[in-house]
Amino acid sequence: MAISNNKKAACLALIISMCIGMTACTQSAKDKKAMQSITMEDIVKANQSDVLFNKYDNIQEIVGGDYITGKMYYSKDLIAESYDEYTSVTNNTDNWMIFDEDSGLLLVYRWYAMSDEDKKDYLVTIDDYDSLIVDPKYTALETITGIEDNKDGTYTVTTKLSSEYCVEILRQFPFALPEECYSSDSKIIYVIDKETLEIISTKQYIVLNDRDLLLLSSDYSHNGQKPEILSTATAMFDDFKNGSKNDPKTFKVVYDYGTDSEESYEITVDSRFKIYLILKDGYDNIYLDPEKTTPYDGDRFTDESTLYAFKEP
């Protein structure tokens, strides 16, 4: 018996529908399997600095939270951290800061008053930022508690970091937290790219008894335009290093004056720039005179021409 054209069409439609459904189920199963196979090791590996800088010229981060806000700019040869009051800039030979004042931008040079050999132990370099996005030690210790497909090419990954590791991290923060935070677990929520596992954003919470305290949030982007203040800062620093000194001022530090260990260091800069003084460890007794009659009671943003530092018991 021949099948009518209408019935043939209906059968064909049913077969196509079944095939599409089977394909969708197969793809969904593959996606689910891939999603469930993700490990923290995979995420750490995909977001290490050397891996990212092999793909991107720069990374920009916007930081928020209940305790700190700021903007970060990372590249192979420059790292900048901008907060409300200033921008801190680092390369592999120097550190400096830019303050946005009413009168304009002010460059402050972090002067390490010591030998080049000693400076190696104090100078902050790009290599010290080995964990721009993830921490090779602590991020790997997080436990994945959930993964959700956002259906937009991203996953949301929720993790937990136990209090024994959290306290090690929190004690390094430059601000104090409620004491209960130091004995609490952390919950971290990542949004990651589905294909590359690169982190797009994070939110880190301290899990308290009555609430989740938002500690930090970060949003990341790649190959963005260098911030204007950073372009200005690098131009100012080039002028600091190589420009003329129309109004020069010399700063000098003398260690252990009058002893066999006496040594001194000095730097001459144009007066439109300022100096932030970094001394060797242990030299906390600073004076305006070698006889130690007038203690130096200023801060390290010094305007003093000569200071005498002693390592006293």
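Computed from a prediction, not measured in an experiment: that's the story for all the values here.

Here is what the cut-offs are and how they apply
- What you see as residue numbers is a count from 1 along each chain, following the sequence as written.
- Local features in a predicted model are, by the rule used here, given only for residues with pLDDT of at least 70; side-chain atom pairs are given and counted only at 80 or more, and totals for whole chains, interfaces and linings are based on all residues.
- Water and hydrogen atoms were dropped before computing side-chain values, which therefore reflect all heavy atoms in the structure.
- Strand pairing requires that DSSP identify at least two bridges connecting the strands.
- Each helix is a run of H or I in the DSSP string that is no shorter than four residues. Each strand is a run of E no shorter than two, and both are numbered from the N terminus.
- Angles run from 0 to 180 degrees between N-to-C directions of axes, and those axes are lines fitted to C-alpha atoms, restricted for helices to the stretch in contact.
- Only protein chains enter the accessibility calculation, which uses a 1.4 Å probe. A residue is then buried if its area is under 20% of the maximum for its type, exposed if over 50%, and partly exposed in between.
- Along the arc lie the directions from the helix axis toward the C-beta atoms.
- We call two residues in contact whenever any of their non-hydrogen atoms come within 4.5 Å of each other.
- Polar contact criterion, stated in full: a pair of N or O atoms within 3.5 Å, where within protein one must be able to donate a hydrogen and the other to accept it, and residues adjacent in sequence count only if both atoms are side-chain atoms.

So, on to the sheet that holds strand E15 (residues 285-287). Read across the open sheet, the 4 strands follow the order E13-E12-E17-E15; overall the sheet is mixed. Every other strand in the sheet has two partners, leaving strand E13 (263-270) and E15 as the edge strands with one partner each. Direction aside, neighbouring strands of the sheet carry axes that sit 20° apart on average. Bridge count between strand E12 (residues 248-255) and E13: 8 bridges; the pairing is antiparallel. Bridge pairing links Phe251 to Ile267 in E13.

Turning to helix H5 (residues 163-170), its buried residues are Cys166, Ile169 and Leu170. Projected down its long axis, H5 carries its buried residues within an arc of 90°, all on one side. Buried residues belonging to H5 abut strand E8 (154-161), strand E9 (186-193), strand E10 (199-207) and strand E11 (212-222).

Glancing now at the side chain of Asp149. With respect to the helices and strands, Asp149 occurs in strand E7 (residues 143-149). Polar side-chain contacts of Asp149 include one of 2.9 Å to the backbone nitrogen of Lys151. Looking at Asp149, its side chain comes within polar contact range of the side chain of Lys194, at 3.3 Å.

With that settled, the discussion passes to the pairing of E7. Looking at chain direction, E7 and E8 are connected through 6 bridges and run antiparallel. Paired with Asp149 across the two strands is Tyr155, which belongs to E8. The turn linking E7 back onto E8 is made up of 4 residues, and Lys151 within it adopts a positive phi angle of 65°.

Quick look at the side chain of Thr139 now. Looking at the element boundaries, Thr139 is found in the loop between helix H4 (116-119) and E7. For Thr139, a relative accessible area of 6% translates into the label buried. Beyond its immediate sequence surroundings of up to four residues, Thr139 is in contact with Met40, Val44, Val134 and Tyr190.

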